[in-house]
Structures are given as structure tokens and as C-alpha cells.
Amino acid sequence: MLPFETLISILVLTFVATRTLAEPINFQYNNYHGDEHPVTVTASGAVVAASQAPQHGQQPTQFFAITQKVKAPKLVNPARLPVCYNATEISKLIGTNINTKFGIINTTMETTYLQVVDECTYTSLISYNGSAEAKEALLAAADSSSLCSVLTMYCAKVFGPPSEYVLLSTGGDASPPTPIIQEFNCVQEYLQQRLDHFSSSDSRRFKQMYWVCDGAWPKSKSAQARHGNVVVFLGGEGPLSRPQRPIIFENAKRLHALVIQVEHRYYGESMPFELPGNATQLPTEQYKWLTIEQVIEDNSAVVAAVRQQMRVPEKVPAMAIGGSYAGMLATYHRVLKPHTYAAAIASSAPNNFVFGTDGWAAAANNYHIRIADSLKKNSGSSACASTVRQGLEELMRLSNSAAGRAKLGQVFRVCNASSVLANDKQGYNFFNDQYGQYHGYAQVNNEPSLLHQVELLCELVADSIQQGSTPLEAVAAVNTYFQIANATGCYKFDPTYILIGTSLASYSYQCCTQGFVYSSAMPAAGSPNTITPAYTVTPQQLRSECEQLFGNNLPPLKVPAVADPTVVKALVRKRAQAMDAAVRFMQQRTVK
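Residues numbered from 1 in each chain as written. Predicted model: local features only at pLDDT ≥ 70, side-chain atom pairs only at ≥ 80, totals over all residues. Heavy atoms only, no water.

This part takes up the overall build of the protein chain. Tallying secondary structure elements over the protein chain gives 19 helices and 12 strands in all. For the protein chain, the proportion of its 592 residues judged to be buried stands at 55%. By sequence separation, contacts in the protein chain at least 24 residues apart represent 75% of the contacts at least 6 residues apart. With an accessible surface of roughly 25500 Å², the protein chain has 52% of that area assigned to carbon and sulfur atoms. (Helix = DSSP H or I, 4+ residues; strand = E, 2+ residues; numbered from the N terminus. Buried < 20%, exposed > 50% of the residue type's maximum accessible area, 1.4 Å probe, protein only. Contact = heavy atoms within 4.5 Å. Areas by Shrake-Rupley, 256 points an atom, 1.4 Å probe, with all protein chains shown as cover.)

Written out as C-alpha cells, the structure reads:
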């Protein structure tokens, strides 16, 4: 029998994601602008969503890209992460400059960036309706390093005095890859979804958002029946962005796929209830219908609606795909709806990480080992992990006394340290807060926008030690670099919530009532091949934080049967042969 981690009877493939780890985490500094929506700058200088831009006749559409490598000012005394110029602002400024110089009525811009320390590389996708004059002039200027001779207003604003940003190089691309949303003809749709799929007397509905992309879908019914597949990308613990996930669309043509992307209820536009006033969370009783059982019914209802609308032949199979928490959901979809989903792809799915279930502690320890491994592999030695371990051990020791917490407040530049580090519990939470940051560095190590984060933090640690700092001070230097914005600032630490997060109230409710977790809610055995000393996380600790956030009437924690790894293992064994046949069937359908 294959090991449980392969989930062979449920999954077609288990992809290894580019990030090192997979647990959901509420992390501050990874401000990727890649999910931003395109903006259109009108002739008057107004900025509107691209979908709201006025249309003017049938003039040809010009589409091209400009890249810029920009050096951001270094932030020193103390050393802090350089800040790249805001990508959305760059879109607005370039769009306005193009309209003004070339008399264009509207220019649509989308700018993303990648950061390596203080170098920020921007890619701006530009489109407008009109002659090729502006396109040709901009491409020629970008390729000859004279972009600022054309975009004078933009360059004066971003690179002129008193700005410290420096334009290092530019380039142009006359034929950049077509955005996925266009290449695959993606259309945003809404379904009037049932609030409660398990109550015939409850007729309430809410608007659930999803995308349908049919660019790779065969045109003829016979080809659909022979080769077509339905790929259902499951939204997770956050708003669903516009279609752009490479793993789906890199394979969509090979699979002749009709791609459906569904937003998770209680996130993004798919909120069953409106937030009251300026509140950041709903009244607790309105989260009653936030369960994975309801979510699975939601997604299946969307799939059924699309199948009917698109007249998808009945024999065309569907597969569910998701990453991290949504990867867990993909597993559960296959388990509970085997006739709806012929297969599932769970990318970095932490199926063992369900609070309090069998194997929970062992799974948590494996997670902590992966964090240490990330530091070792990305730095090229064990020195970084060893130093961080020593620093975190000292941090935990100091957190247990008033004098120690006072020292931590000074070393880590904590705002209002006397009130937020006033007792042992707050000291423990501060330790968990600091160690939790390393979870984040490892998880998003080489994801946009900030690349090579683990390598960078290990360089900071090595530099600190070389300059005579202690391991504790080296850990503090990492915190300052990534988490404190200005030289005179301090670190804002909130000791109230550590095991759950307030910015993702919906996901915290799922953690509190069904056992899905933030990485901070996993205990540590203190194994020598990790970077953390031992600590415990008890149901009482979790419940205490949950009641602080949601009140005493919060339903008790009850792990759904389908989320229990023991149940999934049993189903793996039960369906192994049937799944082998399903895999062969879907592989055959990729043949042209």
C-alpha cells in the first residue's frame, strides 16, 4: 500500500508547490501586486476599472509590455527591507503620460513587480485602441534605455528629486504573452447559491462568484465527449483573484479543459451577509453556515449549473484542484462526491494538520522540521538554522520573567512593551509571534513579489553575528528588517490572538469550529532538527482565543468526519483500484 501522503486513490497527482510549506498563515510583508486588477486611465486623467472604460469605435488594439529595473533606496540604521515603488501608482502615472503625449483616449495598464533586496523589476502590460505610433515610440525608447525621453512626466515624478529611486534599465516586448483571462476567454459569473443545502425549509440565497474559462474547451460536442475534461479550481481562505494560476492553465490545453474557478463562501464577493458598519467580522451566529459540508455542496452546485449552461456531455469527467487549505478541500470533494469528481489534485495539502486528530503532533513536528530544512537548504549550511534556534531558545527563556520580557521589549523595539509584554502568557505569545514569522519566510520563500526571502534572512543573521551580535539580537535584526517600516518606528505586537487571526475572521471561525489551523496552532516537540524549543498548544488555549474573538456562544470544536485523516486513509485503501482506473481514463483523454 502506498503511503497516505500520496493519497493515490483520491488524487491524480500531488504537486510540490514552489513554496516550502503549505499551512495557511496571516503574514504581513508579502505585498504582491500580481493580483491587482488592470486600470484604465481616461483622457481626463480619471482612473477607472478596465471593465468600465469607454469604448470608442473599432480602432485596432495595441498590446505590448515595458519592463523597468529600479533600485529602491536602502533603509539603514537599523537595516530594513527596501520598499519598491507602488505598482498601481506606476500604472496610473504611465497611463496618464501616454494619454497626454499621444492623445490617446484611454490606456489600460497592469503592472506587477518582483523584488530582490533593493532591486525591483516591473512589468507593465499596456493596451489601448488606436494607431501603433505610441507603441512603437515606447518600445524603441525602452529598448534604447531612453524611456524617460518619452515618458517625461512619469520619470520626473518617480525618479526626479527628491525621489531616491533610480532607473537602472528598461526593455520592451512587442508581443508579450496574452493575459490568461483573455487567452482562455474567462468570464466572471454569479450563482444564486443556497445558504443552507441541508434544510429544505430555508430558502435564503446569496450571490456566489465564479469564473468560467472555455478557451481550451473543444468546440464540437463530439470532441468534448472524446477528449474534454472539466477542471474545477477551488477557492480557499481568501478572495478569489482573476484567473491566473499557472498550474491550471499550463495544462488546460493538454486536457482540453473547461476551467471553472469558484470562490469560497464567506470570502471576497461571496459573502452571504453584509458586514455591519465598519466591522471586520460578522456576528457569530451568521457564521453558522460556514462549514466544509456546505462548501462542497456550493462547488458541486456551481459545476452542475455550468455543465447545464454549457451543455457539457455527461461522460466528460471533472477533477477538483486546490492548494493548501483548498487542497484539503479538493481531497474532501473527491471523498464525498466521487460521482461528481473523477479525481482531485491536492497541491501542498496539509491533510494531517487538523486540530486534535490522530497524528496531529507528529504532523506538526514534521512541519517544524521543514522550516529548519528551508533555512539550511537556502543558506547552504546549518549555521543559520543553528543561530536562529539559539536565539529563539533565549527568547523563550526570557519570556518567562518580568526582567526578561523587559529586555525583549528593548531588543525587539516593541511598541508599548510594558503593557503588551506584561505577563507570562503575553511572553509566550511573543515567542510564538517571532517563531511564526519563520513559518512565513519558508512558506513564501520564492514567491512574488519578494524573492529569496530565506536566503536574505540568513544573510542578515550571518552579518549580525559577524558584527558581534548575540543569536537573540540576530533574530531581532531579522524582525526589524522585515517588520518595522521606519528608522524611528517600533514593532507593533498584539498579544491577544496568536493561534487564530483577526484579519481572516471567516478562516478563524473554521479553525475554532472545525479544526482547520493556522501554523501557529501546531505544537512543537523541540526536536534537535528544528529551530524551535518545545511548546504545547492545548484545546483550552485555542478555545480561549476563539471565545475572545467570537464570544462564549461559539459552537464547540467538532472535526468533520471527512477531515479526519483516519477516515481519509480508510477511503484511500477502499478506492485504490477504482482510482487507478480513473487515472488511466483521464490520461487517455489527453491524447489528441
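With 16 residues, helix H10 (residues 383–398) ought to run about 22 Å at 1.5 Å a step, and its terminal C-alpha atoms sit 23 Å apart, in line with that. Taken together, the buried positions of H10 are Cys384, Ala385, Thr387, Val388, Arg389, Gly391, Leu392, Leu395, Met396 and Leu398. Looking at the buried side of H10, the elements it contacts are helix H9 (360–379), helix H11 (402–411), helix H13 (424–443), helix H14 (453–466) and helix H15 (471–483). (Expected span 1.5 Å × (residues − 1).)

As for its placement among the helices and strands, Ser163 is situated in the loop between helix H3 (152–159) and strand E6 (166–173). Placed 90 residues apart in sequence, Ser163 and Pro73 show a C-alpha to C-alpha distance of 8.9 Å. A polar atom in the side chain of Ser163 sits 2.5 Å from the backbone oxygen of Val158. A distance of 3.1 Å separates a polar atom in the side chain of Ser163 from the backbone nitrogen of Tyr165. (Polar contact = N/O pair within 3.5 Å; in protein donor to acceptor, adjacent residues only side chain to side chain.)

With that settled, consider the packing of H13 against H14. It is at 8 Å that the axes of H13 and H14 come closest, and there the two elements cross at 130 degrees. When the interaxial angle is binned, H13 and H14 end up oblique. Residue-level contacts link Tyr438, Tyr441 and Ala442 of H13 to Gln453, Val454 and Leu457 of H14. Counted by class, the contact of H13 with H14 contains five nonpolar, one polar and no charged residues. (Axes fitted to C-alpha atoms, helices over the stretch in contact; angles between N-to-C directions. Parallel < 35°, antiparallel > 145°, perpendicular 65-115°, else oblique. Nonpolar A, V, L, I, M, F, W, Y, C, P; charged D, E, K, R; others polar.)

What follows deals with the pattern of salt bridges. Side chains that differ in sign of charge can pair as their charged atoms come close. On inspection of all chains with the given rule, the structure shows 10 salt bridges. Where Glu547 meets Arg543, a salt bridge forms, and the shortest distance between an N and an O atom there is 2.9 Å. Taken as a pair, Glu547 and Arg543 lie in helix H17 (residues 539–550) at a separation of four residues, close to a single helical turn. The exposure class of Arg543 is partly exposed, given its relative accessible area of 24%. (Salt bridge = Lys/Arg side-chain N within 4 Å of Asp/Glu carboxyl O.)

What follows concerns the state of the cysteines. What the rule picks out here adds up to six disulfides. What pairs with Cys84 in a disulfide is Cys120, and their sulfur atoms sit 2.0 Å apart. Every disulfide takes its handedness from the sign of the S-S torsion; for Cys84 and Cys120 that torsion is -85 degrees, giving left-handed. Here Cys120 lies in strand E5 (residues 119–129) and Cys84 lies in the loop between strand E3 (61–71) and helix H1 (87–102), a separation of 36 residues in the sequence. Like Cys84, the residue Cys120 is buried in the burial classification. When the bonded cysteines of the protein chain are counted from the start of the sequence, the pairing works out to 1-2, 3-4, 5-6, 7-9, 8-10, 11-12. (Disulfide = S-S within 2.5 Å.)

Another aspect to go through is the packing of aromatic side chains. In this description, an aromatic ring pair is defined by two values, namely the gap between the centres and the angle between the planes. A full pass over the atoms with the stated rule returns 25 aromatic pairs. Judged by centre distance (6.4 Å) and plane angle (40 degrees), the rings of Tyr332 and Phe516 are tilted. Of this pair, Tyr332 sits in helix H8 (residues 325–336) while Phe516 sits in the loop between helix H16 (505–514) and H17, and the two are 184 residues apart along the sequence. A residue is classified by how much of its surface remains accessible, and Tyr332, at 1% relative accessible area, is buried. (Phe/Tyr/Trp six-rings, centres within 6.5 Å; stacked < 30°, edge-to-face > 60°.)

On to unusual backbone geometry. Looking along the chain, the bond that leaves Asn77 and enters Pro78 is cis, with omega of 0 degrees. One can find Pro78 in the loop between E3 and H1. Note that the residue after Pro161, namely Pro162, is joined by a cis bond; omega there is 5 degrees. Looking at where Pro162 falls in the secondary structure, it is placed in the loop between H3 and E6. Within the chain, Arg311 stands out as a residue other than glycine whose phi angle is a positive 55 degrees. Tracing the backbone through its elements, the reader meets Arg311 in the loop between helix H7 (292–310) and strand E11 (318–323). Not every positive phi belongs to a glycine, and Asn416 is a case in point at roughly 50 degrees. As for its position among the elements, Asn416 is in the loop between H11 and helix H12 (417–420).

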